[in-house]
Amino acid sequence: MIIENQRCFGKEIANSAIYQSMESGMIVEKTKKPFSIIPRVFAISLDEKENKIFRRESERIQIEIESDKHKEFKNPQSVHLYAEEIIQHLLIEENKYQIDEYMTPELQPNINIKMRAILVDWLIDVHAKFKLRDETLYLTISLIDRYLSKAQVTRLRLQLVGVAALFIACKYEEIYPPALKDFVYITDNAYVKSDVLEMEGLILQALNFNICNPTAYQFLSKYSSELDPKNKALAQYILELALVEYKFIVYKPSFITQAAIFLVNKIRSPNYRTQNEASLKPCVKELCQLLQTADLSSLQAARRKFNSAKFFEVSRIKVEKINK
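For clarity, every value in this text was computed on a predicted model and none was experimentally measured.

What counts and how
- Residues numbered from 1 in each chain as written.
- Predicted model: local features only at pLDDT ≥ 70, side-chain atom pairs only at ≥ 80, totals over all residues.
- Heavy atoms only, no water.
- 1 Å grid on protein atoms, 1.4 Å probe; cavity = no way out; pocket = protein on both sides within 12 Å on 5 of 7 lines; lining within 4 Å.
- Points joined across faces, edges and corners; volume = space filled by probe spheres on them.
- Helix = DSSP H or I, 4+ residues; strand = E, 2+ residues; numbered from the N terminus.
- Nonpolar A, V, L, I, M, F, W, Y, C, P; charged D, E, K, R; others polar.
- Phe/Tyr/Trp six-rings, centres within 6.5 Å; stacked < 30°, edge-to-face > 60°.
- Buried < 20%, exposed > 50% of the residue type's maximum accessible area, 1.4 Å probe, protein only.
- Axes fitted to C-alpha atoms, helices over the stretch in contact; angles between N-to-C directions.
- Parallel < 35°, antiparallel > 145°, perpendicular 65-115°, else oblique.
- Left-handed = near helix turned anticlockwise from the far one by under 90°.
- Contact = heavy atoms within 4.5 Å.
- Core = buried A, V, L, I, M, F, W, Y, C linked by side-chain atoms within 4.5 Å.
- Bend = angle between axes of the 7 residues up to and from the residue.
- pLDDT = per-residue confidence, 0-100.

Asker: Would you take a moment to explain empty space enclosed by the protein for this structure?
Answerer: Gaps left between atoms are located by rolling a probe of water-molecule size over the structure's atoms. Taken as a whole and assessed by the stated rule, the structure comprises 3 cavities of 30 Å³ or more. Its volume calculated, the largest cavity comes out at about 430 Å³. Only α5 (134-148), α10 (229-244) and α11 (253-268) provide two or more residues apiece to the lining of the largest cavity. Here the lining of the largest cavity takes 5 residues from α5, the largest share from any one element. Residues of the lining of the largest cavity, tallied by class, amount to 14 nonpolar, 4 polar and 6 charged.

Asker: Sorry, what's going on with the packing of aromatic side chains here?
Answerer: Remark: the centre distance and the inter-plane angle together describe each pair of aromatic rings, the angle taken between the planes. Enumeration over the complete set of coordinates arrives at 10 aromatic pairs. Arranged with centres 6.2 Å apart and planes meeting at 40°, the rings of F248 and Y251 form a pair that is tilted. Comparing F248 with Y251 shows no difference in burial state: the two are buried. Feature note: the residues F130, F167 and F183 constitute an aromatic cluster, connected by ring pairs.

Asker: Explain unusual backbone geometry to me, please; I cannot follow it from the model alone.
Answerer: Excluding glycine, residues mostly have negative phi values, and the peptide bonds linking residues are mostly trans. Despite not being glycine, D188 shows a phi value in the positive range, around 60°. Within the fold, D188 resides in the loop between α7 (180-185) and α8 (193-206). On the basis of relative accessible area, D188 is assigned to the partly exposed category, the value being 33%. Of note in this structure, N189 is not a glycine but carries a positive phi near 60°. Considering the arrangement of structural elements, one finds N189 in the loop between α7 and α8. Residue N189 is classed as exposed on the basis of its relative accessible area, which comes to 57%.

Asker: Mind showing me how you'd approach the packing of α5 against helix α6 (residues 155-173) here?
Answerer: The angle between the axes and the distance between the axes are what describe a pair of packed helices. Relative orientation of the contacting elements α5 and α6 amounts to 135°, with a least axis distance of 8 Å. Of the possible angle classes, the one that applies to α5 and α6 is oblique. The element α5 and its partner α6 pack so that their crossing is right-handed. Mapping the contact onto sequence places E135, T136, L139, T140, L143, I144, Y147 and L148 in α5 and L158, V161, G162, A165, L166, I168, A169, C170, Y172 and E173 in α6. When grouped by side-chain class, the residues that make up the contact of α5 with α6 number 13 nonpolar, 3 polar and 2 charged.

Asker: So what exactly am I meant to see when it comes to the environment of R268 here?
Answerer: Looking at the element boundaries, R268 is found in helix α11. Taking relative accessible area as the criterion, R268 reaches 39% and is therefore assigned partly exposed. Residues R268 and N231 lie 37 residues apart in sequence; the distance between their C-alpha atoms is 8.6 Å. Here R268 is in contact with K230, N231, L234 and I317, once residues within four sequence places are set aside.

Asker: Just checking my understanding: could you explain the packing of α11 against helix α12 (residues 277-292) for this structure?
Answerer: Two numbers describe how α11 lies on α12: the axes approach to 8 Å, and their chain directions differ by 70°. Between α11 and α12, the crossing angle belongs to the class labelled roughly perpendicular. Along the contact surface, α11 presents F255, I256, Q258, A259, A260, F262, L263, K266 and I267, while α12 presents E277, S279, L280, C283, V284, L287, C288 and L291. When its residues are assigned to classes, the contact of α11 with α12 shows 13 nonpolar, 2 polar and 2 charged.

Asker: What is the right way to look at the nonpolar core in this model?
Answerer: Proteins that are soluble and globular tend to have nonpolar side chains buried together. In terms of nonpolar packing, the biggest core is built from 87 residues, with I203, Y237, I256 and L287 touching the most fellow members. Of the residues forming this core, the biggest block, 11 residues, is contributed by α6. Every residue in contact with L287, bar those within four places of it in the chain, is listed here: I238, A242, F248, I256, A259, A260 and L263.

Asker: I'm lost on α12 in this one. Help?
Answerer: Most pronounced at C283, the bend in α12 amounts to some 35°. All of the buried residues along α12 are E277, L280, C283, V284, L287, C288, L290 and L291. Among the structural elements, α10 and α11 are those in contact with the buried residues of α12.

Asker: Mind showing me how you'd approach the confidence of the model for the protein chain here?
Answerer: The predicted coordinates should not be examined in detail at positions where pLDDT is low. Summary statistics for the protein chain give a mean pLDDT of 82 and a share of 74% for residues scoring 70 or more. Considering only residues more than four positions removed or in separate chains, one finds that residues 1-47, a stretch of pLDDT under 50, has 89 contacts.

The structure is reproduced here in structure tokens:
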């Protein structure tokens, strides 16, 4: 059984539950409140009756997911007739939004890689709590990285950047986005409405209102046609683990998606080969290490999310060693 650590939801970043010490330069973690956004029903042990209900629910969800491929084919927004042209367009567009490493003492003297990881992990929890579309999460993280590559941010305003980026992404991707007051609430009122609106304006101005950039999830939707639903869920899990890790921003969305799909195929079939295997290997190796050590990380939002029947509990998969 996987034992999850509880996390403070609202105050973790903005109210200095985890912060960087100015004197020592070390991350200091204060005692966290025994509070988690994970519903209590999932935190308690299930008796036999509840287990039967849970199994029936799992079977129902599995049947629904297995029909996703058929539904996707019938979805008029998928426009299969133009699938190849869409992919080529995304490949061209992603070159326009590639960013360089920005987490340096010169460009971002007040924040560090660990603080970004905590922010992204928290946003994965928020995204799950609001039940938002998958595209919204990936666009949010992309907006954060693009903004941080252009503007300096203090540690006390880093969470505000994340909330404002999520606010923008929701208005772009969601049919019914959460209200502004909901974004203030999730920060435990560390900010007010005017703060979120002001940061929204700063982000949009810094990015010249260009927010529709290709993301890894878009490429996953296009490249995963040959994967069954469970393998697609595993690929998505790998990509969301990579969202937390700053080092993966050097890879283009299409490249890291291909690497994740290659890793999934390699896990399922050790003799799997592909034409661009040599170029993918460095990224695949890093993703594999990330997957193998996911249970050791203090940031567990992605593992909690993918430990559900909806995603076939793929975060429970153990990867020992993969043949070269």
